[in-house]
Amino acid sequence: MSVPVAGGSTPAPVTILLVEDDEVIRRSVTMALERYGYRVTSAGDGLTGLELFREGRHDLLLLDVMLPGLDGIGLCRRIRETSTDPVLMMSARGDALDVVSGLEAGADDYVVKPVDTAVLVARIRSLLRRATFAPAASRTPAGTADGRGRPDEGGHPGGHAPLVFGDLTVDTEGLEVFVAGRPVALAPTELRLLLEFAANPGVVLDRQLLLRNVWDYGWDGDSRVVDLCVQRLRKKIGAERIQTVRGFGYKLRR
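Counting restarts for each chain: residues are numbered from 1 in the order of the written sequence. Local features in a predicted model are, by the rule used here, given only for residues with pLDDT of at least 70; side-chain atom pairs are given and counted only at 80 or more, and totals for whole chains, interfaces and linings are based on all residues. The basis for every side-chain value is the complete set of non-hydrogen atoms in the structure, without hydrogens or water.

Draft legend 1. The arrangement of the sheet that holds strand 5 (residues 60-64) in detail. One open sheet holds the 5 strands; their spatial order is 4-3-5-6-7, and the pairing between them is parallel. In the strand order of this sheet, the two ends are held by strand 4 (39-43) and strand 7 (109-112), each with one partner. Within this sheet the neighbouring strands show an average axis-to-axis angle of 20°, counted without direction. The contact criterion used throughout is that any non-hydrogen atoms of two residues lie within 4.5 Å. Only the stretch in contact is used when fitting a helix axis, every axis being a line fitted to C-alpha atoms; angles between N-to-C directions are given from 0 to 180 degrees. Secondary structure elements follow DSSP: runs of H or I no shorter than four residues count as helices, runs of E no shorter than two count as strands, and numbering proceeds from the N terminus. Where helix 1 (residues 23-35) meets the sheet, its contacts fall on strand 3 (15-19), strand 4 and strand 5, and the angle it forms with strand 4 comes to roughly 170°. Lying over the sheet, helix 3 (residues 72-80) contacts strand 3, strand 5 and strand 6 (87-91), oriented at roughly 155° with respect to strand 5. The rule for pairing is simple: two strands pair if DSSP sees at least two bridges between them.

Pasting the structure below:
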């Protein structure tokens, strides 16, 4: 598994930071991921994991919830202070509190241990696609007669203009988001979620549709990941911007 390198040179291998205190699990997961072509850096506790995160560049972070020194929830929060890198949490019990706490801390997704290697790799690939995706060419540019937002008054070269919803501006090509003119940093999943809403303003999107289109789930997933990601997104772009339609899903206010 590799990611493209500018200039058309040989793709660089994807680097994963694995933080897991159980040595047997740490070794087995490392070996499994390396068989799929990933480069794995590992740590056995949260503080060492934080140090490795600060020292090097990683394409994805795979964090256990239960860690000595600094647990996975705290580690995820520290990472989110400076980074929007994809974070996948691992929970031994799949306990609701663990899951919710991890997602609230900024994790993009979670898996329950013991996890099948194929499932783990599928989740990793999905997260990496979200982190490196290009806007779909089929998206209708703002300013056309489809009613999807309105362009800013200045416009952009080549007919492209951001989508504007009140004080929220979404540049679907530059992948930038502004609230009242100020840039907002979104994690990859948060950005994908916002783009899905921005492409369908005023349309109610149910959780299963969002799981398929944003999380790339080909099966029914845990809708809590949607609810918690919406909650994080609201904190960044304004709670009133995304409306809950009880019993159905969510929609972006025009």
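From this point on, the discussion continues.
Draft legend 2. Representation of the sheet that holds strand 10 (residues 176-179) in the model. On the basis of which strands lie adjacent, the open sheet formed by 4 strands has the order 8-9-10-11 and antiparallel pairing. Strands at the two margins of the open sheet, each flanked by one partner only, are strand 8 (163-165) and strand 11 (182-183). Pairing analysis gives 2 bridges linking strand 10 to strand 11, with the strands arranged antiparallel. Looking at strand 11, one finds that valine 179 is bridged to arginine 182. Contacts from helix 6 (residues 188-198) reach strand 8, strand 9 (168-171) and strand 10 within the one sheet, and its direction differs from that of strand 9 by about 100°.

Draft legend 3. Layout of the pattern of salt bridges. Salt bridges are counted wherever a side-chain nitrogen of Lys or Arg sits within 4 Å of a carboxyl oxygen of Asp or Glu. Using the criterion set out here, one finds 10 salt bridges in the structure. The partner of glutamate 190 in a salt bridge is lysine 236, and the shortest N-O contact between them spans 2.7 Å. With glutamate 190 in helix 6 and lysine 236 in helix 8 (residues 224-237), this residue pair connects regions lying 46 residues apart in the sequence. Connected via shared salt-bridge partners are Glu20, Asp64 and Lys113.

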